[in-house]
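Fold and contact review
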Amino acid sequence: MTLPKVIRGRAWKFGANIDTDQIIPAKYAIYSLDEKELGKHAMEGVPGREGWAGQVSAGDILVAGSNFGCGSSREIAPIAIRGAGISLVIADSYARIFFRNAINLGYPILQSPQAAEAVVEGDELEVDLEQGIIRDFTRSDEYRTEAFPPFMNELLRMGGLVPWVRRRLQERRVAAGR
Amino acid sequence: MTMTEKILARASGRESVSPGDLILAKVDFAMGHDLTIPPAGKIMREQMGADKIWDPSRVAVTQDHFQPAKDAASATLGRLTREFSHDMGVKWYFEVGQGGICHTVLPENGLVLPGELVVGADSHSCTYGALNNFATGIGSTDLACVLALGELWFRVPETLKFVYHNRLQEWVEAKDLILYVIGKIGVDGARSKAMEHVGEALKHIDMEARLTITNMAIEAGAKNGILEFDEITKEYLDGRAKRPYTPVSSDPDADYEKVFEFDAEAVELGVAKPMSPDNYAPLSEVEGTRLDQVFIGSCTNSRITDLRRAAAVLEGHKVADGVRLIITPSSHQVAIQAEREGLIGTFLAAGAAWTTATCGACLGGHMGVLGEGEVCLSTTNRNFPGRMGHPKAMVYLSNPAVAAASAVTGVITHPREVLKKMPAGIR
């Protein structure tokens, strides 16, 4: 699974400190192996966003404030957002476990305080992942994203931590002469 | 280097590391539970193609979040967790009724030790840092990687130093101190950073209280919380530690991003008000708030010393009409000790519901989930919307003595209103 170079979609806007219990309430952890089912309940815990997942069109983009995904370590948080059809998350900043989980899943997330501030719900966005540029067609504006360290970009490009581990296991087998 | 940097340097085979470095580090101990082992096991075996785990003697698995199974789906998660642990030969597997909440079970069994790099597929894995190790929460794909390889990538964090001068006053507990600190710096105040806690106040609190402080590092967004090794650490580990260990200390010239200084003596009893752990208020501001439920439980505040204080307050009293008190010990060993000391009898006589050891109500799982509009005072760690049930339930966080006193009166109450003085020796 390789990432597309350019992602287009409509923006959904959320605030600061959206925690994992709001992204996917713990009661849905029983569906931890079912991305579609998780997707139906994404962001259900955010007051006023009940039923949100049903309004998402495949490819839409989620834009949030600072410390997005704080709280639990549950990997079902980014999985639920992906399961709802969101192609990409942009935030002012991320809580660290949510950030790791997304990178490990090969799920594109971007950090852009500029975009988090300026984008309004419903804006039509285009994101150039290679150039690190977010274009807001509704506002005729452009925002920069913050660069990730090369290792994280490599993980994202190769599709996450799974292919990285496969490669490393293979190297070990070769080294062990098996 | 700081303690955190020294552990990460040793684990990654480097002379030294600096904040911002991306490293590949060897893991000394790893933990997963009934919500995180099923996905991690599936990813490890089916996607990564690993057929065994790197070192079964360095892995613990607990059945704690939705166990004893709360419904058929969680029974399946329990079964997958059990089967994976059996198939992989996990040495430290804790069945329902024999373990309890991971973050109590690992320290009490001497499985997480000074100088080590510990990861757990649960955000409160930062708890273990009270034992002078680097411990952090990870996701399920992360855990699959660790189980397959015994190593994982990390970004070396900047360290924030928290110095606590003087001693905590009577009634004021470690919980009040950490709620106060989170209130000062905010839920992202230590985002992705290390919180190093030092100072006079920590010399006068026991290991269980120290675990409460590091437990809530994640509520400030931190990567880890860590304390210095001292006599109290050594005494706690004597007879428990399952491996030899090497303590670490920060160099006198270590670089800190920022140093925060607090006068512990000035910290009052406090709570976090709804709907965020950083919504701190002194107890006096919320006294009299009407309650529907009081919950004493969780990896934050339900070890034996917490239950002793709750029992001291409840002794000879009844839970007020219109309120329910639920008490969940954080481990089976804690429950056994509570039984020996007669604490359970005190709880039952007071009219409290006493449950088996589980994460239970803390994450809105089972045995104490809140309904719409209900108000709860809880000794847990998080009160974001929906954490304990309905998104419109209101959760206040406090220490166990405040929780117990409030159950007696039905409103948020200072424990001295119910008990003149905490008996000497109750820690």
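Note that the structure is a prediction, hence the values are computed from the model and not measured.

The rules we used
Residues numbered from 1 in each chain as written. Chains lettered and ligands numbered in written order. Predicted model: local features only at pLDDT ≥ 70, side-chain atom pairs only at ≥ 80, totals over all residues. Helix = DSSP H or I, 4+ residues; strand = E, 2+ residues; numbered from the N terminus. Rg over C-alpha atoms; globule rule 2.2 N^0.38 Å. Buried ≥ 20, exposed ≤ 12 C-beta atoms within 10 Å, placed from the backbone. Contact = placed C-beta atoms within 7 Å. Pairing = 2+ DSSP bridges. Nonpolar A, V, L, I, M, F, W, Y, C, P; charged D, E, K, R; others polar. Expected span 1.5 Å × (residues − 1). Axes fitted to C-alpha atoms, helices over the stretch in contact; angles between N-to-C directions. Core = buried A, V, L, I, M, F, W, Y, C linked by C-beta atoms within 7 Å. Domains from an automatic or database assignment.

Some thoughts on the overall build of chain A
Each helix and strand counted, chain A has 7 helices and 7 strands in total. Its helices and strands taken in sequence order, chain A reads β-α-α-β-α-β-α-β-α-β-β-β-α-α from the N to the C terminus. Compactness check: chain A gives a C-alpha radius of gyration of 17 Å against a globular reference of 16 Å for 178 residues, within 12% of the reference. Considering only C-alpha atoms, chain A reaches an extent of 60 × 40 × 25 Å along its principal axes. In chain A, which comprises 178 residues, the share counted as buried stands at 51%. When contacts within chain A are restricted to residue pairs at least 6 apart in sequence, long-range pairs at least 24 apart make up 70% of them.

Side note on the pairing of strand 14 (residues 293-296) of chain B
Residues and elements named next belong to chain B. Neither face of strand 14 is open: one carries Q293 and F295, the other V294 and I296, and all of them are buried. Across 4 bridges, strand 14 lies against strand 15 (residues 324-327) in parallel orientation. Within strand 15, the position partnered with I296 by the bridge is I327. One ladder, built from 3 bridges, connects strand 14 with strand 17 (residues 375-378); its direction is parallel. Residue pairing for strand 17: Q293 is matched across the bridge by C376.

A closer look at the interface of chain A and chain B
Opposite the 37 residues of chain A that make contact, chain B presents 42 residues. Elements represented by at least two residues in the side of chain A that touches chain B include exactly helix 1 (20-23), helix 4 (96-105) and helix 7 (161-175) of chain A. In terms of residue class, the side of chain A that touches chain B is made up of 16 nonpolar, 13 polar and 8 charged.

Some words on helix 6 (residues 174-185) of chain B
Residue and element names in this part refer to chain B. With 12 residues, helix 6 should reach 16 Å at 1.5 Å per residue; the first-to-last C-alpha distance of 17 Å fits that figure. All of the buried residues along helix 6 are A174, K175, D176, L177, I178, L179, Y180, V181, I182 and G183. As for helix 6, its buried residues are in contact with strand 8 (159-165), helix 8 (207-215), strand 11 (258-263), strand 12 (270-272), strand 13 (280-282) and strand 18 (394-397). Looking one or two places after helix 6, you find G186, whose phi comes out positive at around 90°.

Looking at the sheet that holds strand 10 (residues 224-227) of chain B
All names here are of chain B. Strand order in the open sheet formed by 4 strands is 10-9-8-11, and the pairing between neighbours is parallel. Bordering the open sheet on either side are strand 10 and strand 11, each of which pairs with just one other strand. Between one strand axis and the next, the sheet turns through 20° on average, direction left out of account.

A short note on the sheet that holds strand 6 (residues 134-137) of chain B
All names here are of chain B. Read across the sheet, 5 strands follow the order 4-3-2-5-6 without closing on themselves; strand pairing throughout is parallel. Looking along the sheet, the strands with just one partner apiece sit at the ends: strand 4 (92-94) and strand 6. Neighbour-to-neighbour, the strand axes of this sheet turn through a mean angle of 15°, independent of strand direction. Across 3 bridges, strand 2 (residues 29-33) lies against strand 5 (residues 117-120) in parallel orientation.

Details of helix 11 (residues 304-314) of chain B
Residue and element names in this part refer to chain B. Helix 11 sits mainly inside the fold: 11 of its 11 residues count as buried. I304, T305, D306, L307, R308, R309, A310, A311, A312, V313 and L314 are the residues of helix 11 that are buried. Residues of helix 11 that are buried make contact with helix 8, strand 14, strand 15, helix 12 (332-340), helix 13 (343-350) and helix 14 (400-409). One or two positions beyond helix 11, positive phi appears at G316, with a value near 80°.

So, the nonpolar core
Counting 204 residues, the largest nonpolar core has V63, A80 and I90 of chain A together with L147, A310 and A404 of chain B as the members making the most contacts within it. Counting only domains with at least three residues in this core, you end up with domain 1 (3-241 + 258-262) and domain 2 (270-417) of chain B. Filtering out sequence-adjacent residues up to four positions away, I90 of chain A remains in contact with I61, V63, L110, S112, A115, A116 and I134 of chain A.

Some points on the domain arrangement of chain B
Residues and elements named next belong to chain B. Here chain B is partitioned into domain 1 (3-241 + 258-262) and domain 2 (270-417). One C-alpha centre belongs to domain 1, the other to domain 2, and the line joining them spans 24 Å. Across the contact, 34 residues belong to domain 1 and 32 residues belong to domain 2. Taken together, the elements giving at least two residues each to the side of domain 1 that touches domain 2 come down to helix 4 (102-108), helix 6 and helix 8. Per-element tally for the side of domain 1 that touches domain 2: the top contributor is helix 6, with 6 residues. In the side of domain 1 that touches domain 2, the residues fall into 11 nonpolar, 14 polar and 9 charged.

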